[in-house]
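# Structural characterization, general
Okay, here's what each chain looks like letter by letter:
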Amino acid sequence: MNSSMHVAVAALATSTLLLLVLQSSAQNSAQVVKHKDYFYEEIAKAPEKARARINPLAADREAVQAGSNLFQQHCAECHGDSADGGKKGPSLRVPQIQEATPGAIFWLLTNGVVRRGMPVWSKLPEPQRWQLVSYLKSLGIRSGDGTAAPLAQQPKPN
Ligand code: HEC
């Protein structure tokens, strides 16, 4: 390699590094904004027909436990062990989710919010998605400090 090639290689390496650094800092700041401003818009968009779907496992007493296991396996890493929010995902124990219909939650799981980091779960068999719905619905609303909030005082995040 001659010296001008060395310079070229070094310049390329530096700019690649810079790009990586810029990219990761952009991602970090996007995440902060997202947590404050954008959550729960998507579930509100569930179409009428999807919202009206009934959870076929609503009467199945084992569905909640099965859903809990699935949640730990697939969701807790982002939404936290008790679904009240983690590093990457918002709390699911807020009125926007707890008061959503089972069908709306099922629709959201099936479609994800991919552009915002919520994966699509359509590969999980339908009964498992309904088990997750049963589990989430069993949790109820909880305020940010981990105590159950009385209905009148529940925070309305954004
Ligand atoms: C890789 C991280 C990640 C995983 C894993 C994940 N989620 Fe999410 N989830 C997110 C993010 C980020 C959002 C916020 C999306 C947005 O901005 O609307 C979200 C949003 C949601 C919402 C609210 C929808 C809305 O309107 O924003 C529900 C309900 C939900 N997730 C359920 C689940 C369930 C159940 C699982 C497991 C099957 C799961 N998530 C797995 C990251 C994740």
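Higher on the page you've got the structure.
Structural notes, computed from the coordinates. Owing to the predicted nature of the structure, the values given are computational and were not obtained by experimental measurement. (Residues numbered from 1 in each chain as written. Predicted model: local features only at pLDDT ≥ 70, side-chain atom pairs only at ≥ 80, totals over all residues.)

## Things to note about the nonpolar core
The cut-off we apply is this: Each nonpolar core comprises buried Ala, Val, Leu, Ile, Met, Phe, Trp, Tyr and Cys residues, the members being joined through C-beta atoms within 7 Å. In this scheme every C-beta is placed from the backbone, and a residue whose C-beta has 20 or more other C-beta atoms within 10 Å is buried, one with 12 or fewer is exposed, and one in between is partly exposed. Numbering of helices and strands runs from the N terminus; a helix is a DSSP stretch of H or I covering at least four residues, while a strand is a stretch of E covering at least two. Here the contact rule is simple: place C-beta atoms from the backbone, and any two residues whose C-beta atoms are within 7 Å are in contact.
Ile 43, Ile 97, Ala 104, Ile 105, Leu 108 and Leu 136 are the most contacted members of the largest nonpolar core, which has 22 residues in total. Counting only elements with at least two residues in this core, the list comes to α3 (62-74), α6 (102-111) and α7 (126-139). If we skip the residues at most four places from it in the chain, Ile 97 touches Tyr 40, Ile 43, Leu 92, Ile 105 and Leu 136.

## Considering the packing of α3 against α7
Filter applied, for reference: Between N-to-C directions, angles span 0 to 180 degrees; the directions come from axes that are lines fitted to C-alpha atoms, helices contributing only their stretch in contact. Angles are sorted into four bins: roughly parallel if under 35 degrees, roughly antiparallel if over 145, roughly perpendicular if 65 to 115, and oblique for all others. Basically, the charged four are Asp, Glu, Lys and Arg, the nonpolar ten are Ala, Val, Leu, Ile, Met, Phe, Trp, Tyr, Cys and Pro, and anything else, Gly included, counts as polar.
It is at 7 Å that the axes of α3 and α7 come closest, and there the two elements cross at 100 degrees. One finds that α3 runs roughly perpendicular with respect to α7. Of the residues in α7, those touching α3 at Ala 63, Val 64, Ala 66, Gly 67, Ser 68, Leu 70 and Phe 71 are Gln 128, Trp 130, Gln 131, Leu 132, Ser 134, Tyr 135 and Ser 138. A breakdown of the residues in the contact of α3 with α7 according to their chemical character gives eight nonpolar, six polar and no charged.

## Description of the site of the ligand
Put simply, the rule is: Any residue whose C-beta atom, as set from the backbone, lies within 6 Å of a molecule or strand is reported as near that molecule or strand.
Taken together, 27 residues lie near the ligand, and Glu 42, Cys 75, Cys 78, Gly 89 and Met 118 sit nearest. Of all the secondary structure elements, the ones that give two or more residues to the shell around the ligand are α4 (76-79) and α6. The residue inventory of the shell around the ligand, partitioned by class, reads 17 nonpolar, four polar and six charged.

## Focus: α7
Spelled out, the test is: Here, expected helix span is obtained from the residue count minus one, scaled by 1.5 Å.
If you check α7, its first and last C-alpha atoms are 21 Å apart, about what 14 residues at 1.5 Å a residue would give, namely 20 Å. Within α7 the residues assigned to the buried category are Arg 129, Trp 130, Gln 131, Leu 132, Val 133, Ser 134, Tyr 135 and Leu 136. Residues of α7 that are buried in the fold lie against α3, α5 (95-98) and α6. Directly after α7, the chain includes Gly 140, whose backbone phi takes a positive value near 80 degrees.

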